[in-house]
Amino acid sequence: MCLAVAVFYNVTVKTWDVIVIGGGIIGLSLSIALHKRGLHVLVVERGEPGREASYAAAGMLADCPLEMPAALQTLAAASARMYPEFVHELQDESGMNLDLRDQGTLLLTAPEHFLGRTEFVTEHKLLAPLAEVEPALAPTEASVFYLKERSVDPRALVAAALKAAKHRGIDISSGTTVTDFIFSSGRVAGVITDKTKYPAPCVVNCAGAWSGTFSINRLPTRPVKGQMLAVASAQHNLVRHVIRTPDVYLVPRTNGRILIGSTLEEAGFDKRTDASTIQRLHQAAIRLVPALKEALMLEAWAGLRPGTADDLPILGATTTPGYFVATGHFRDGILLTPVTAHVMAQVITGAPPGHDIANFSLLRFQT
Ligand SMILES: Cc1cc2nc3c(=O)[nH]c(=O)nc-3n(C[C@H](O)[C@H](O)[C@H](O)COP(=O)(O)OP(=O)(O)OC[C@H]3O[C@@H](n4cnc5c(N)ncnc54)[C@H](O)[C@@H]3O)c2cc1C
């Protein structure tokens, strides 16, 4: 259990039970979950909160068992179930609309992808002709399946989480880089930043793709770059579903924006976009939905997913007392946010996590 310590700022005494490193969607949502359990939390963010991977994401809440490691499926499905309530609460607290859509996903892929998966084929069979379900799609030879997945607007989500956190009185130190940890009697006792020191009995590493940059328990995370673009169609509801193919995916928003993604690149911490890659994604999207040729190009960007060697997140306590990690969410961090916030808040407060997180322990990389 984390017990608060006092910090003296002139005459004001400020105390925190937990310091969260990183103000992305994972860090902000966890800070809210901890605050709900009565803890005082400080989020330390190097830049502006919510402007890294969480801002770059497409927002698919994709828990399709064919597309994620088997070990993650149960946790992912649990998080997907938590989403409506999670969004409802954040919308209430922030007054923002997070564009949670439940039109579902059309998965277009080669039939051989499903060999031996007859139960999947039966369960996710398209029940109406494709031309009725998604009229703008070009005719296709691919097998098409319907997945009952939702999508959300990650930029709105992270902005709402920031607003809700501030509203609750969670402290946020923006523009402050954590450079090291404070230790006392063999346990973590706070963080050292480029500006000052912040003591606290518990520290959680939610630094996304940068989680492995601290010397403590050196985390085996790496950045995996993803480039994307957004277009706007004058045609209302041109694309209704999320559409995923092996080459490209489309994620429509209710305001007419259509996101087109994405690449998976091992490019270190380079976040630059590359014109030919963006062009390739754009052309793949136009082949899928020819009317996108007329759509207005809005912006292109790149973000860094927090990857791990086995594509699974790292969640829970570490061998260093007082030090916790919630990172490595790779392609599914938006989806996994509600369940991550819940299990981590439980673990940090000494309660049962409520889900089996043994597969996600940092220990799997240390033995
Ligand atoms: C192109 C793209 C598309 C994606 N699409 C989806 C999707 O459709 N669905 C889905 O579920 N997921 C998706 N993801 C993955 C998802 O975005 C991430 O898994 C998730 O955002 C990770 O959240 P995070 O809070 O851990 O990381 P981040 O949002 O990157 O936050 C980490 C924060 O830590 C801060 N930080 C780093 N180092 C320090 C330090 N030393 N001191 C203080 N602060 C520090 C950073 O500045 C940053 O703000 C996508 C990712 C990308 C890039």
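Residues numbered from 1 in each chain as written. Predicted model: local features only at pLDDT ≥ 70, side-chain atom pairs only at ≥ 80, totals over all residues. Heavy atoms only, no water.

## Describing the overall build of the protein chain
The cut-off we apply is this: What counts as a helix is a DSSP run of H or I of at least four residues, what counts as a strand is a run of E of at least two, and both are numbered from the N terminus. For this measure, only C-alpha atoms enter the radius of gyration; the expected value for a globule follows 2.2 Å times N^0.38, where N is the number of residues. Throughout, a residue-residue contact means that at least one pair of heavy atoms, one from each residue, lies within 4.5 Å. Counting rule for charge: Lys and Arg are taken as positive, Asp and Glu as negative, and neither His nor the chain ends is counted. Lys charges are placed at NZ, Arg charges at CZ, Asp charges at CG and Glu charges at CD.
Scanning the protein chain from N- to C-terminus turns up 9 helices and 20 strands. Against the 2.2 N^0.38 benchmark of 21 Å for 367 residues, the protein chain shows a C-alpha radius of gyration of 21 Å, consistent with a compact globule. The dimensions of the protein chain, computed from C-alpha atoms along their principal axes, are 65 × 40 × 40 Å. Residue pairs in contact within the protein chain that sit at least 24 positions apart in sequence constitute 73% of those at least 6 positions apart. The centroid of the 33 positive side-chain charges in the protein chain is displaced by 4 Å from the centroid of its 34 negative side-chain charges.

## Thoughts on unusual backbone geometry
What counts here: Only protein chains enter the calculation, and the probe is 1.4 Å; a residue is then buried if its accessible area is under 20% of its type maximum, exposed if over 50%, and partly exposed in between.
The omega angle of the peptide bond from G261 to S262 is -15°, so this bond is cis rather than trans. Among the structural elements, S262 can be located in the loop between β17 (257-261) and α7 (275-288). Here N237, not a glycine, exhibits a phi torsion of approximately 60°, which is positive. With respect to the element layout, N237 can be found in the loop between β14 (221-232) and β15 (242-244). Residue classification places N237 among the partly exposed residues on the basis of a relative accessible area of 44%.

## With respect to the sheet that holds strand β10 (residues 178-184)
Convention followed: DSSP calls a pair of strands paired once it identifies at least 2 bridges connecting them. Lines fitted to C-alpha atoms define the axes, with helix axes restricted to the stretch in contact, and inter-axis angles between N-to-C directions lie between 0 and 180 degrees.
Strand order in the open sheet made by the 3 strands is β10-β11-β12, with antiparallel pairing throughout. Every other strand in the sheet has two partners, leaving β10 and β12 (197-199) as the edge strands with one partner each. Direction aside, the axes of adjacent strands within the sheet are offset by 30° on average.

## Some details on the site of the ligand
Here is the rule we go by: Near, as used in this document, describes a residue that has one of its heavy atoms within 4 Å of the molecule or strand being considered. N or O atoms within 3.5 Å of each other form a polar contact, as long as, within protein, one can give a hydrogen and the other can take it, and as long as residues adjacent in sequence are counted only when both atoms are side-chain atoms. All accessible areas in this document rest on Shrake-Rupley with a 1.4 Å probe, and a residue is counted as covered only by the protein chains that are shown. When residue character is reported, Ala, Val, Leu, Ile, Met, Phe, Trp, Tyr, Cys and Pro are called nonpolar, Asp, Glu, Lys and Arg charged, and the others, Gly included, polar.
Neighbouring the ligand are 39 residues, the closest being E45, S54, F330, R331 and L335. At a separation of 3.1 Å, an oxygen atom of the ligand approaches a polar backbone atom of I26. Taking F330, its main chain carries an N or O atom lying 2.9 Å from an oxygen atom of the ligand. Coverage of the ligand by the protein amounts to 98% of the 1,000 Å² it exposes when considered alone. At the level of elements, α1 (25-36), α2 (53-56), β14, β18 (296-308) and α8 (333-348) are the ones that each hand at least two residues to the shell around the ligand. Residues belonging to the shell around the ligand are distributed by class as follows: 20 nonpolar, 13 polar and 6 charged.

## Description of the packing of α1 against helix α6 (residues 154-167)
For the record, the criterion: By convention the crossing between two helices is left-handed if the near helix lies anticlockwise of the far one by an angle smaller than a right angle, and right-handed if it lies clockwise.
Viewed as axis vectors pointing N to C, α1 and α6 meet at an angle of 35°, and their least axial separation amounts to 9 Å. In terms of crossing hand, the pair formed by α1 and α6 is left-handed. Residues I25, L28, S31 and I32 of α1 form the contact with α6, whose own contacting residues are L157, V158, A161, L162, A164 and A165. Across the contact of α1 with α6, the residue classes break down as 9 nonpolar, 1 polar and no charged.

## With respect to the packing of helix α3 (residues 73-94) against α8
Which entries qualify depends on this criterion: When describing relative orientation, an angle under 35 degrees is termed roughly parallel and one over 145 degrees roughly antiparallel, while 65 to 115 degrees is termed roughly perpendicular and anything else oblique.
In contact at an axis separation of 7 Å, α3 and α8 are set at 90° when each is read in the N-to-C sense. When the axis of α3 is compared with that of α8, the two are roughly perpendicular. Residues L75, A76, A78, S79, A80, M82, Y83 and F86 of α3 touch α8, and the partners they reach there are I334, L335, L336, T337, P338, V339 and H342. A per-class count over the contact of α3 with α8 returns 12 nonpolar, 3 polar and no charged.

## Focus on the packing of aromatic side chains
Put simply, the rule reads: Under the pairing criterion, centres of Phe, Tyr and Trp rings, with the six-membered ring standing for Trp, must be within 6.5 Å; the plane angle then separates stacked pairs below 30 degrees from edge-to-face pairs above 60, leaving the rest tilted. In this analysis the charged atom, NZ for Lys or CZ for Arg, is taken to sit over a ring once it is within 6 Å of the ring centre and within 35 degrees of the ring normal.
On inspection of all chains with the given rule, the structure shows 5 aromatic pairs. Between F181 and Y323, the aromatic rings sit 5.1 Å apart at their centres with planes inclined by 75°, giving edge-to-face as the arrangement. Residue F181 is located in strand β10, and its partner Y323 is located in strand β20 (residues 323-327); the two are separated by 142 residues in the primary sequence. With relative accessibility at 4%, the residue F181 sits in the buried group. Members of the aromatic cluster, each reached through a chain of ring pairs, are F181, F214 and Y323. Looking at R51, its charged tip hangs above the ring of Y55, at a distance of 4.0 Å from the centre. Over the ring of Y55 we find R155, and its NZ or CZ is 4.0 Å from the ring centre.

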